Amino acid sequence: MKGRKKAFILLLIGLLWLHGCGSPSPDTESMTDTSAETESEPELLDSDTGEALVYEGSPELQYAENFKIDHYEGGYTLLKIIRDGTQFLIVPENGEVPQTLDKEIVVLRRPIKDIYLVASSVMDIFSELDGLDSIAFSGQKEDGWYIASAREEMRKGNILYAGKYSKPDYELLVSEHCALAIENMMILHSPEVVENLENFGIPVMIDYSSYETHPLGRVEWVKFYGALLGKEEEAERIFTEQVAILERVSASERTDKTVAFFFITSNGLVQVRQSADYVPKMIELAGGSYVFQDLGDPETKRSTMNMQVEEFYAGAKDADFLIYNSSIDGGVSDVEELLDKCGPLADFKAVKEGNVWCTTNDMYQQSLAIGYFIEDIHAMIQGENEDMHYLYHLD
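The sections below set out a description of the structure shown in this document.

About the cut-offs
Residues numbered from 1 in each chain as written. Predicted model: local features only at pLDDT ≥ 70, side-chain atom pairs only at ≥ 80, totals over all residues. Heavy atoms only, no water. Pairing = 2+ DSSP bridges. Helix = DSSP H or I, 4+ residues; strand = E, 2+ residues; numbered from the N terminus. Axes fitted to C-alpha atoms, helices over the stretch in contact; angles between N-to-C directions. Contact = heavy atoms within 4.5 Å. Parallel < 35°, antiparallel > 145°, perpendicular 65-115°, else oblique. Left-handed = near helix turned anticlockwise from the far one by under 90°. Nonpolar A, V, L, I, M, F, W, Y, C, P; charged D, E, K, R; others polar. Buried < 20%, exposed > 50% of the residue type's maximum accessible area, 1.4 Å probe, protein only. Arc of directions from axis to C-beta. Right-handed = clockwise from strand over helix to strand, strands pointing away.

Concerning the sheet that holds strand β4 (residues 87–91)
- Read across the sheet, 5 strands follow the order β1-β2-β3-β4-β5 without closing on themselves; strand pairing throughout is mixed. In the strand order of this sheet, the two ends are held by β1 (55–57) and β5 (105–109), each with one partner. With direction set aside, neighbouring strand axes in the sheet form an average angle of 30°.
- Two strands pair when backbone bridges link them, and strand β3 (residues 76–81) and β4 are joined in this way by 4 bridges, in the antiparallel orientation. Residue pairing for β4: L79 is matched across the bridge by F88.
- Across the sheet, helix α8 (residues 221–229) is in contact with β2 (67–72), β3, β4 and β5; its angle to β3 comes to roughly 140°.

Written out as structure tokens, the structure is:
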């Protein structure tokens with residue numbers, strides 16, 4: 001077996017040499033260029049008649065700004081990612097592939113199968129769309145998923161671990177005929193991986209939902225993946241449910257209550273959200289006010305920053321509510337455990353008044369739960385603390 005595996009790896013290296021040595025690597029700057037979209041529709045030519053496919057229209061997006069969906073007669077769909085300019089033509093199962101496409105357009109034929117899913121926030125979307133049968137490979141191991149359906153599929157062997165974003169198992173992906181890799185933003189730090197995957201004939205799609213300025217813009221990416229899988233009606237239903245939650249919460253009067261959202265790092269720093277991040281916006285939509293109003297540089301697109309305890313103390317000591325972010329260390333069970341991490345918190349107003357909360361550690365994987373999390377924050381601020389989804393009180 002060792003000899004066979006070594007021979008296979010040598011074959012892969014040889015293929016990379018033949019097909020990829022002269023290929024340009026993805027350019028991080030070009031991937032974040034917002035000028036990629038143009039107003040004109042691409043001409044998609046039918047391979048039989050030589051005539052252009054008939055453009056039918058594009059669904060209106062309410063909040064999302066980083067993708068576009070174009071429909072053509074015959075069941076053809078063109079997906080555009082605005083941030084990096086990539087385009088994917090979804091061809092119906094028995095449809096002909098246009099022969100004169102722009103060379104940059106990636107063709108995917110339905111049914112879309114054998115996906116390598118690295119972007120963890122997308123798993124929730126596939127699960128809710130009943131599309132897990134399209135995923136064959138995961139960038140997380142079974143115990144890394146908080147989504148029960150994903151863990152179950154991996155336990156059954158229907159989804160295989162194929163390595164993290166920076167070290168994919170090329171041998172497994174190639175031998176098992178991976179058809180598409182869906183990556184998160186971290187892949188921009190490993191452009192050689194993109195190059196290698198594409199040289200092996202595996203197209204790469206980068207999820208830019210984290211670049212959406214409105215929290216529900218992230219949720220609206222369910223429409224993108226619904227169009228990919230041919231489940232647009234289900235996607236619209238899911239999105240409408242989240243919008244209804246926001247409308248219900250927004251109907252309440254705003255308060256002057258302030259909220260600090262933070263995490264204590266292993267080296268004693270306090271990690272907080274920059275003011276332009278989606279979490280402060282969720283706090284505002286829930287009727288509160290993020291305690292740090294002008295923190296960070298919105299142009300960097302970074303969501304977090306670290307500060308010294310003294311700086312956090314000065315800015316958040318009088319916050320009405322504290323929310324501890326559990327997504328990194330698994331959270332805390334009570335206030336005493338939180339104070340063990342950071343003793344000065346004992347002087348905070350929210351600690352003295354018993355207004356300290358913690359997120360559940362599955363929240364960051366639940367991309368379609370943003371409406372529910374806004375509802376939780378609203379309930380916290382209003383003192384309606386029962387039936388929370390992603391927040392729990394620290395005693």
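Digging into the packing of helix α3 (residues 120–128) against α8
- Packing of α3 against α8 leaves a shortest axis separation of 10 Å and a crossing angle of 60°. Relative to α8, α3 is oriented oblique. The two elements α3 and α8 cross, and the hand of that crossing is right-handed. Only W221, V222, Y225, L228 and L229 of α8 make contact with α3, whose side of the interface consists of V122, I125 and F126.
- A per-class count over the contact of α3 with α8 returns 8 nonpolar, no polar and no charged.

Some points on unusual backbone geometry
- A cis geometry characterises the amide bond from R110 onward to P111, with omega recorded as 0°.
- Topologically, P111 is positioned in the loop between β5 and β6 (115–117).
- A positive phi angle is found at D114, which is not glycine, with a value near 55°.
- If you trace the backbone, D114 turns up in the loop between β5 and β6.
- Residue classification places D114 among the partly exposed positions, given a relative accessible area of 30%.
- Unusually for a residue other than glycine, D130 sits at a positive phi of about 55°.
- Structurally, D130 is set in the loop between α3 and β7 (135–138).

A closer look at helix α11 (residues 309–316)
- Considered for burial, the residues of α11 that qualify are V309, F312 and A316. With its buried residues spanning 60° around the axis, α11 presents them on a single face. Among the exposed residues of α11, those pointing more than 90 degrees away from its buried face are E310 and A314.

Regarding the pairing of β7
- Relative to β7, β6 runs parallel, the two being bridged by 3 bridges. Paired with L117 across the bridge in β7 is S138.
- Handedness of the crossover is the feature at issue here: the chain leaves β6, passes through α3, returns alongside β7, and the resulting connection is right-handed.
- Once the chain exits β7 it traverses helix α4 (residues 148–156) before rejoining the sheet at strand β8 (residues 160–161), and the crossover so formed is right-handed.

Let's talk about the sheet that holds β7
- Here 5 strands make up an open sheet; going across it, the order is β8-β7-β6-β9-β10 and the pairing parallel. Among the strands making up the open sheet, the edge pair consists of β8 and β10 (204–206).
- For β7 and β8, the ladder comprises 2 bridges, and the chain directions are parallel. Bridge pairing in β8 links F137 to L160.

Function-wise, these values are silent; they only describe arrangement.
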